[in-house]
Amino acid sequence: MEPQLLHRVGDGVATVVIHHPAKRNAMTAGMWEALPPLLDTMAADPAVRVLVLTGEGGTFCAGADISTLRGSPQQAQTLAVLAEEALAAFPKPTLAAIRGHCVGGGSQLAAACDLRFAEEGALFGVTPAKLGIVYPASSTRRLVSLVGPGTAKYLLFSGELIDTARALRTGLLDEVTAEGELGKRVAEFTRVLASRSQLTQAAAKEFANGRTDRDAHWADQARGSGDTAEGVTAFLERREPRFTWTTSG
């Protein structure tokens, strides 16, 4: 099978799989280009409430396919940044499910997700210093916002890999599971996310990402959505709420 991004949707969860096992799921130029329109499709699908990004088999993503850098490194980096920004802007919760190596462009994609869960034994690295590449400013700022300037400098200056314990301690990861338990935990947690109010999640995502010009917009959405009334009624009636507001509606 050619290198590509596979995807499926079920029970409110869209799963995007980085599929290039011959090169440990390294991202080709075509794969970088394919991600933004795929995300647009998922964002517009009312059946999608959560998006999971993962890699085929036992590796998340070993970075960019280095063979694509021989022609125009700048063009390859531009494609990667556009894909990263599209993932960061996805209006619904996103979660990176990580096994094995999450390196270079893989770490770039994982950092663009809202949450990162990893299986014990995963390894993380940001490796432009090994190739003499200037890491993009937007990617650097995103990394700093996750792990702080000290750890970001350690990763960027050295290109060294860190394990799940250090990644969890520094904020690069949100959860670590035992080997073989990642799929079960991700399925369990995404079910929780899919059951919650998309209104709450969408507003919280914008606020947490630093947007400051949409307070009135979200106040209007809350007044007109019916989600608050439904949530309170469901709580008092001791039943699961049936939220109706959607980002795609």
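Check the entry above for the structure.
These lines cover the structure that appears in this document, whether it is placed above or below. For clarity, every value in this text was computed on a predicted model and none was experimentally measured.

## Some remarks on the pattern of salt bridges
At step 1: Taken as a whole and judged by the stated rule, the model has 14 salt bridges.
At step 2: One salt bridge in this structure joins Arg 99 and Glu 119, with 3.7 Å as the shortest N-O distance. With Arg 99 in the loop between β4 (94-98) and β5 (101-103) and Glu 119 in strand β6 (residues 115-119), this residue pair connects regions lying 20 residues apart in the sequence.
At step 3: Across the salt bridge formed by Glu 188 and Arg 185, the nearest N and O atoms sit 2.5 Å from each other. Taken together, the residues Glu 188 and Arg 185, both in helix α6 (residues 182-195) and three residues apart, mark about one turn of the helix.
At step 4: One salt-bridge network, in which partners are shared between bridges, spans Glu 206, Arg 211, Asp 213 and Arg 214.

## Here we look at unusual backbone geometry
At step 1: The phi angle at Asp 11 is positive, at roughly 55 degrees, despite the residue not being glycine.
At step 2: Relative to the helices and strands, Asp 11 is located in the loop between β1 (4-10) and β2 (13-19).
At step 3: Even without being a glycine, Arg 24 presents a positive backbone phi close to 50 degrees.
At step 4: Examined against the element boundaries, Arg 24 turns out to sit in the loop between β2 and α1 (29-44).

## What to know about the sheet that holds strand β3 (residues 50-55)
At step 1: Across the sheet, six strands lie side by side as β1-β2-β3-β4-β6-β9; this open sheet has mixed pairing. The sheet terminates laterally at β1 and β9 (175-177), the two strands that pair on one side only. Taken pair by pair, the neighbouring strands of this sheet meet at an average axis angle of 20 degrees, ignoring direction.

## Structural notes on the environment of Glu 188
At step 1: For Glu 188, a relative accessible area of 37% puts it in the partly exposed group.
At step 2: A C-alpha to C-alpha distance of 20 Å links Glu 188 and Phe 60, two positions 128 residues apart in sequence.

## Quick look at the nonpolar core
At step 1: Ranked by internal contacts, the top residues of the largest apolar core, which has 44 residues, are Ile 18, Phe 60, Ile 98 and Phe 124.
At step 2: When contributions to this core are tallied by element, the ones reaching two or more residues are β2, α1, β3, α2 (73-88), β4, α3 (105-112) and α4 (137-158).
At step 3: No other element matches the seven residues that α1 contributes to this core.
At step 4: Setting aside chain neighbours within four positions, we find Ile 18 in contact with Gln 4, Leu 5, Asn 25, Met 27, Met 31, Leu 53, Thr 54, Gly 55, Glu 56, Phe 60, Cys 61 and Leu 109.
At step 5: Within the second largest apolar cluster, 11 residues are counted, among which are Phe 117, Leu 182, Val 186 and Leu 193.

About the criteria used
- Residues numbered from 1 in each chain as written.
- Predicted model: local features only at pLDDT ≥ 70, side-chain atom pairs only at ≥ 80, totals over all residues.
- Heavy atoms only, no water.
- Salt bridge = Lys/Arg side-chain N within 4 Å of Asp/Glu carboxyl O.
- Helix = DSSP H or I, 4+ residues; strand = E, 2+ residues; numbered from the N terminus.
- Pairing = 2+ DSSP bridges.
- Axes fitted to C-alpha atoms, helices over the stretch in contact; angles between N-to-C directions.
- Buried < 20%, exposed > 50% of the residue type's maximum accessible area, 1.4 Å probe, protein only.
- Core = buried A, V, L, I, M, F, W, Y, C linked by side-chain atoms within 4.5 Å.
- Contact = heavy atoms within 4.5 Å.

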